[in-house]
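Residues per chain are reported as follows:
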Amino acid sequence: MEGLYQTQRIKDLKDKMLSEPRYASIEQALIITKTYQENEDDPKIIQRAKSLKAALEKMEIRVEPEELIVGNRTAGVRYGVVFPESGSTWVDKEFETLPTRPQDRFNVHQEDIETFRKVIKPYWEGKSLEDVLNQRYGKEINKIAKVVKINQKDHAQGHICPDCVKWLKMGPQGLLDQAEEKLKICKEEQKDFYESVKIVMEGAKHFMVRHHDLIMNMAENESDETRKQTMIKVAKNCKNISERPVQTFHEAVQSTWFLFVILQMESNASSVPSNAGAKPPSSPTAVLRPRSCNTFFKAWNTSVPMRRPSRKEGAPTGRIMNSWKAMGASLCEPPLMIFIMGTGIT
């Protein structure tokens, strides 16, 4: 289009992203597995909240000096992530072929394959969403497989509609405060939900502050004074939105991006609803998918394709289509997703 051009900053970021090798990452899978092992007596929603908080506090983070909006679910800009609690049978079968398959290739460290098979996979056998659905509905699903395909039996929800306005107006600190107030007056059966929200918001705040600290450390070694001041501004944005609602457009964009990064870390393949069905292009995140589901995507569009409802019946706001949710098997409901979509027990 006439008048549009690419700045050197964007060109540098794009070149870095496209030139960086892609890897399958088991970092979060290890954190999730360890957290579940340490909290086996907790309710499922508390286990999920604690595992997300642990990932937000422990996973390696990375920022490029040129970035104005920061955050990703892995240190590698286009790494693929394994979610063992949802299901990873196909990953186990295809680990050795991920680097050579026709498309959506991922490099794999041999030690990661060994760790996955010795530490992660054994713990989740019989416990993952994939396994539980097969135990409960396997016969029925197999019977109708020739005429009906039930998607997302081994991975999380696809396109969701979070309440971004509420997130921007309150921020994680405001939502944490609200959850604490609800805990004082809620019914006994509601306490686990609000406790899980507290846990996740604490993790979200820490995630933002970690980015502030990292960028400030980077800025100390930056020789270009203009870039240094920009980095300090980006760092302050991260800390500000961890403590209060947004006050500037820059803070609002950063806060919204953090929301979707955290949703990605909580529940694999959650995407911004749009006609294209792709994530924002500033920091795309790859999604590991089985060979049977592979399609060619442009470099910027690394999410799963958009799913559309029937013409006769619209998709319910804040929910998802064509998945295990339709069967009532919500044994792995992610707390942040429930809360931010306004579908929790309030």
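Quick caveat, the model's predicted, so the values are computed rather than measured. (Residues numbered from 1 in each chain as written. Predicted model: local features only at pLDDT ≥ 70, side-chain atom pairs only at ≥ 80, totals over all residues. Heavy atoms only, no water.)

Engineer: How do you make sense of the overall build of the chain when you look at a structure like this?
Structural biologist: Counting its regular elements, the chain contains eleven helices and two strands. For the chain, the sequential pattern of α-helices and β-strands runs α-β-α-α-β-α-α-α-α-α-α-α-α. The proportion of buried residues among the 346 residues of the chain is 50%. Residue pairs in contact within the chain that sit at least 24 positions apart in sequence constitute 74% of those at least 6 positions apart. Working note: accessible area of the chain is about 17,300 Å², and carbon and sulfur atoms make up 51% of it. (Helix = DSSP H or I, 4+ residues; strand = E, 2+ residues; numbered from the N terminus. Buried < 20%, exposed > 50% of the residue type's maximum accessible area, 1.4 Å probe, protein only. Contact = heavy atoms within 4.5 Å. Areas by Shrake-Rupley, 256 points an atom, 1.4 Å probe, with all protein chains shown as cover.)

Engineer: Looking at this model, I keep getting lost on the side chain of Lys205. Mind explaining?
Structural biologist: Within the element layout of this structure, Lys205 appears in helix α8 (residues 191-220). No salt bridge is formed by the buried Lys205, whose closest oppositely charged neighbour, Glu243, lies at an N-O distance of 6.4 Å. Not counting residues up to four positions away in its chain, the partners in contact with Lys205 are Pro172, Gln173, Leu176 and Ser242. (Lys, Arg positive; Asp, Glu negative; His and termini not counted. Salt bridge = Lys/Arg side-chain N within 4 Å of Asp/Glu carboxyl O.)

Engineer: Please clarify how the environment of Phe95 should be interpreted in this entry.
Structural biologist: Its place among the elements puts Phe95 in the loop between α4 (89-94) and α5 (110-124). Between the C-alpha atoms of Phe95 and Ile113, which are 18 residues apart in sequence, the distance is 7.0 Å. Leave out the neighbours within four places in its chain, and Phe95 touches Ala24, Ile26, Val108, Ile113, Phe116 and Arg117.

Engineer: Explain helix α7 (residues 164-185) here, please?
Structural biologist: Compared with the 32 Å implied by 1.5 Å per residue over 22 residues, the 26 Å span of α7 between its first and last C-alpha is markedly short. Its axis deflected by about 90 degrees at Gly171, α7 carries its strongest bend there, up to four residues before the proline Pro172. Among the residues making up α7, those that are buried are Trp167, Gly171, Pro172, Gly174, Leu175, Leu176, Ala179 and Leu183. (Expected span 1.5 Å × (residues − 1). Bend = angle between axes of the 7 residues up to and from the residue.)

Engineer: Can you help me understand the pattern of salt bridges in this one?
Structural biologist: Pairing is possible between side chains that carry opposite charge, provided their charged atoms lie close to one another. Overall, the coordinates contain 17 salt bridges when judged by the stated rule. Of the charged contacts in the structure, one is a salt bridge between Lys50 and Asp42, with a shortest N-O distance of 2.7 Å. On the basis of relative accessibility, which here comes to 28%, the residue Lys50 falls in the partly exposed class. We note a salt bridge from Arg101 to Glu94, for which the minimum N-O separation is 3.6 Å. Under the relative-accessibility criterion, Arg101 is labelled buried at 2%. Members of the salt-bridge network, linked through shared partners, are Lys16, Glu20, Arg62, Glu64 and Glu66.

Engineer: So what exactly am I meant to see when it comes to the nonpolar core here?
Structural biologist: Looking at soluble globular proteins, one finds that nonpolar side chains tend to be buried together. Ranked by internal contacts, the top residues of the largest apolar core, which has 45 residues, are Val70, Phe207, Ile215, Phe258 and Met265. Breaking this core down by element, the ones donating at least two residues are α3 (44-58), α7, α8, α9 (225-243) and α10 (249-266). The dominant element in this core, judged by the number of residues it contributes, is α8, at eleven residues. Residues contacting Ile215, with those up to four places away along its chain left out, are Val63, Val70, Met231, Val234, Ala235 and Cys238. (Core = buried A, V, L, I, M, F, W, Y, C linked by side-chain atoms within 4.5 Å.)

Engineer: Just to check I follow, could you spell out the packing of aromatic side chains for this structure?
Structural biologist: Here the structure, examined in full by the defined rule, presents six aromatic pairs. The side chain of Arg22 reaches across the aromatic face of Phe106, ending 4.4 Å from its centre. The ring of Tyr123 carries the charged tip of Lys127 above its face, separated from the ring centre by 3.7 Å. (Phe/Tyr/Trp six-rings, centres within 6.5 Å; stacked < 30°, edge-to-face > 60°. Lys NZ or Arg CZ within 6 Å of the ring centre and 35° of its normal.)

Engineer: Would you mind going over a nonpolar patch on the surface with me for this structure?
Structural biologist: There is a patch of nonpolar side chains on the surface, built from Ile144, Val147 and Val148 and spanning about 260 Å² of accessible area. Mapped onto the secondary structure, Val147 falls in the loop between α6 (129-143) and α7. (Patch = residues over 30% accessible without salt bridge, like charges linked within 9 Å, V, L, I, M, F, W, Y side chains within 5 Å.)

Engineer: What is the right way to read the packing of α7 against α10 from this model?
Structural biologist: Any two packed helices are characterised by the angle at which their axes cross and by the distance between the axes. It is at 10 Å that the axes of α7 and α10 come closest, and there the two elements cross at 120 degrees. Classed by the angle they form, the pair α7 and α10 counts as oblique. Viewed along their axes, α7 and α10 form a crossing whose handedness is right-handed. Where α7 approaches α10, its residues Cys164, Trp167 and Leu168 are matched on the opposing element by Ala252, Ser255, Thr256, Leu259 and Phe260. Residue classes in the contact of α7 with α10 are distributed as six nonpolar, two polar and no charged. (Axes fitted to C-alpha atoms, helices over the stretch in contact; angles between N-to-C directions. Parallel < 35°, antiparallel > 145°, perpendicular 65-115°, else oblique. Left-handed = near helix turned anticlockwise from the far one by under 90°. Nonpolar A, V, L, I, M, F, W, Y, C, P; charged D, E, K, R; others polar.)

Engineer: Would you take a moment to explain the packing of α3 against α8 for this structure?
Structural biologist: Packing of α3 against α8 brings their axes to within 8 Å, and their N-to-C directions diverge by 5 degrees. As summarised for this structure, α3 and α8 are arranged roughly parallel, according to the angle between their axes. Listed contacts from α8 to Ile45, Ile46, Ala49, Lys50, Leu52, Lys53, Ala55, Leu56, Glu57 and Lys58 of α3 are Asp192, Phe193, Glu195, Ser196, Ile199, Val200, Glu202, Gly203, Ala204, His206, Phe207 and Arg210. A class-by-class count of the residues in the contact of α3 with α8 yields eleven nonpolar, three polar and eight charged.

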